[in-house]
Amino acid sequence: QVQLVESGGGLVQAGGSLRLSCAASGRTVSVYRMAWFRQAPGKEREFVAAISLNGGTYYADSVKGRFTISRDNAKNTAYLQLNSLKPEDTAVYYCAASRYATNYRLAGQYDYWGQGTQVTVSS
């Protein structure tokens, strides 16, 4: 089992950047597929990005070219670099982990979730 704690959220102006971190404890992240999802008020949770065991990355079309997911197994941490932020990126961002996910874009395939970190982008 793994526990996930996100950090790095905040208030930023449009065009700005943030770096979210997802620190894991309990088990090494090296055995987990890691992902980021987000949920805006009144909307369903949506896929943002995922990284496979061998470092392959996957992105939602809405963030491709602006966001970058990465992992540092030595630090037991996953990251999400958010660049060129837009007001529509405002949401609570959640980190998730799965041992066996095959469709990285489906929230139901992830077993472990963090508590979320708020990202607010002002126009």
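Residues numbered from 1 in each chain as written. Predicted model: local features only at pLDDT ≥ 70, side-chain atom pairs only at ≥ 80, totals over all residues. Heavy atoms only, no water.

K.L.:
Provide a residue-level description of the nonpolar core, including the pertinent values.
P.N.:
Met34, Trp36, Leu80 and Tyr93 are the most contacted members of the largest nonpolar core, which has 37 residues in total. Elements with a minimum of two residues in this core: strand E3 (18-25), strand E4 (33-39), strand E5 (46-51), strand E7 (67-72), strand E8 (77-82), strand E9 (91-98) and strand E11 (117-122). Residues in contact with Tyr93, not counting those within four places in the same chain, are Glu6, Leu20, Trp36, Phe37, Arg38, Val48, Phe67, Leu80, Leu82, Gly116, Thr117 and Val119. (Core = buried A, V, L, I, M, F, W, Y, C linked by side-chain atoms within 4.5 Å. Buried < 20%, exposed > 50% of the residue type's maximum accessible area, 1.4 Å probe, protein only. Helix = DSSP H or I, 4+ residues; strand = E, 2+ residues; numbered from the N terminus. Contact = heavy atoms within 4.5 Å.)

K.L.:
Kindly report on the packing of aromatic side chains, identifying the contributing residues and their values.
P.N.:
To describe a pair of aromatic rings, you give the distance between the ring centres and the angle between the ring planes. On inspection of all chains with the given rule, the structure shows six aromatic pairs. Here the guanidinium or amino end of Arg45 rests over the ring plane of Tyr94, the centre of that ring lying 3.8 Å away. Above the ring of Tyr32, the side-chain terminus of Arg99 is found at 5.9 Å from the ring centroid. (Phe/Tyr/Trp six-rings, centres within 6.5 Å; stacked < 30°, edge-to-face > 60°. Lys NZ or Arg CZ within 6 Å of the ring centre and 35° of its normal.)

K.L.:
So what's going on with the sheet that holds E7? Residues and values would help.
P.N.:
A sheet is described by the order of its strands in space; here four strands give the open sequence E1-E3-E8-E7, paired in antiparallel fashion. Unpaired on one side and paired on the other, strand E1 (3-7) and E7 mark the two borders of the sheet. Averaged over all pairs of adjacent strands, the angle between their axes in this sheet comes to 15°, without regard to strand direction. Direction of pairing for E7 relative to E8: antiparallel, over a ladder of six bridges. Following the sheet pairing, Arg71 is matched in E8 by Ala78. (Pairing = 2+ DSSP bridges. Axes fitted to C-alpha atoms, helices over the stretch in contact; angles between N-to-C directions.)

K.L.:
Explain the pattern of salt bridges residue by residue, including any values.
P.N.:
Counted by the stated rule, this structure contains four salt bridges. Where Glu46 meets Arg38, a salt bridge forms, and the shortest distance between an N and an O atom there is 2.6 Å. Given the relative accessible area of 6%, Arg38 is considered buried. Here Asp89 and Arg66 are joined by a salt bridge, their closest N and O atoms 2.7 Å apart. (Salt bridge = Lys/Arg side-chain N within 4 Å of Asp/Glu carboxyl O.)

Nothing here speaks to function; it is all geometry.
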